[in-house]
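# Analysis of the macromolecular model
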Amino acid sequence: MRTTILACLASSALLVALLPDSLHAASQPEGGLSIVQRPETIRISEEGRIYVGDRETSLDQLARRLRRDGVAQSDTVYVSIPDETPRRVMVAVSRELASKGFRRVIFTKPPRAIAE
């Protein structure tokens, strides 16, 4: 089961909520299941590097890169993060994006293998 972390800034505090992926799945059409694909706009590597698409960028250039790639401030920005990402990294990314007008940020983690 994949879990999405929803993070937003409210009065300088980071709010984080875990959302099951079932909230993101499309309704099941007749004859099979359809899954909504979300673009992972930003990816943070295990080494802490930040990527927009396949291009590495710095934290202070992140908003500029998003705008250059056509992401509007009103769009939801998805940030794919490794399992063990420190909270301070999520806070730094959220604050940087919020300071540049990007207020809708969702952090996602990769699916975990289920041991049987």
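Structure: see above.
Below, the structure is looked at part by part. Nothing here was measured: the structure is a model prediction, and the numbers come from that model. (Residues numbered from 1 in each chain as written. Predicted model: local features only at pLDDT ≥ 70, side-chain atom pairs only at ≥ 80, totals over all residues. Heavy atoms only, no water.)

Attention shifts here to the overall build of the protein chain. Scanning the protein chain from N- to C-terminus turns up 2 helices and 7 strands. Counting over 116 residues, the protein chain shows a buried share of 34%. Sequence-distant contacts, at least 24 apart, represent 60% of the contacts inside the protein chain between residues at least 6 apart. In the form shown here, the protein chain has an accessible surface area of approximately 7500 Å², with 50% of it arising from carbon and sulfur atoms. (Helix = DSSP H or I, 4+ residues; strand = E, 2+ residues; numbered from the N terminus. Buried < 20%, exposed > 50% of the residue type's maximum accessible area, 1.4 Å probe, protein only. Contact = heavy atoms within 4.5 Å. Areas by Shrake-Rupley, 256 points an atom, 1.4 Å probe, with all protein chains shown as cover.)

Next up on the list: the environment of S99. Within the secondary structure, S99 is located in helix α2 (residues 87-99). Residues S99 and A63, spaced 36 residues apart in sequence, show a C-alpha to C-alpha distance of 9.2 Å.

A few words now on α2. Taking 1.5 Å of rise per residue, 13 residues should cover 18 Å, and α2 covers 18 Å from first to last C-alpha, within 8% of that figure. Along α2, the positions that sit buried rather than exposed are M90, V91, V93, S94, E96, L97 and A98. In the stretch just after α2, G101 is the one whose phi turns positive, near 100 degrees. (Expected span 1.5 Å × (residues − 1).)

Glancing now at the side chain of T41. Note on placement: T41 falls in the loop between β2 (13-20) and β3 (42-44). For T41, a relative accessible area of 16% corresponds to the buried category. Once you skip the residues sitting within four places of it in the chain, T41 turns out to touch Y51, V52, G53, L66, V71, V77 and Y78.

Turning our eyes to something else, we now look at the pairing of strand β6 (residues 77-80). Of the two faces of β6, the one holding V77 and V79 and the one holding Y78 and S80 are both buried throughout. Of the strand pairs in this sheet, β3 and β6 are connected by 2 bridges, and their pairing is parallel. Opposite I42, over in β6, you have V79 as the bridge partner. Relative to strand β7 (residues 105-108), β6 runs parallel, the two sharing 4 bridges. Looking at β7, one finds that S80 is bridged to T108. The parallel pair β6 and β7, bridged by α2, forms a crossover whose chirality is right-handed. (Pairing = 2+ DSSP bridges. Right-handed = clockwise from strand over helix to strand, strands pointing away.)

To continue, consider the environment of R112. Considering the arrangement of structural elements, one finds R112 in the segment after β7. When the C-alpha positions of R112 and D83 are compared, they lie 9.0 Å apart, and in sequence the two are 29 residues distant.

The next subject is the environment of F102. Within the secondary structure layout, F102 lies in the loop between α2 and β7. The exposure class assigned to F102 is buried, which follows from its relative accessible area of 1%. Leaving out residues up to four positions away in the same chain, F102 has contacts with A63, L66, R67, V71, A72, Q73, V77 and L97.

Moving on: the pattern of salt bridges. According to the stated counting rule, one finds 3 salt bridges in the structure shown. For the salt bridge of R49 with E56, the shortest nitrogen-to-oxygen distance reads 3.6 Å. Assessed through its relative accessible area of 45%, E56 is described here as partly exposed. Between D69 and R55 there is a salt bridge; the shortest N-O distance is 2.9 Å. Taken together, the positions of D69 in the loop between α1 (62-68) and β6 and R55 in strand β5 (residues 55-57) put the pair 14 residues apart, joining distant regions of the chain. For R55, a relative accessible area of 36% gives the class partly exposed. (Salt bridge = Lys/Arg side-chain N within 4 Å of Asp/Glu carboxyl O.)

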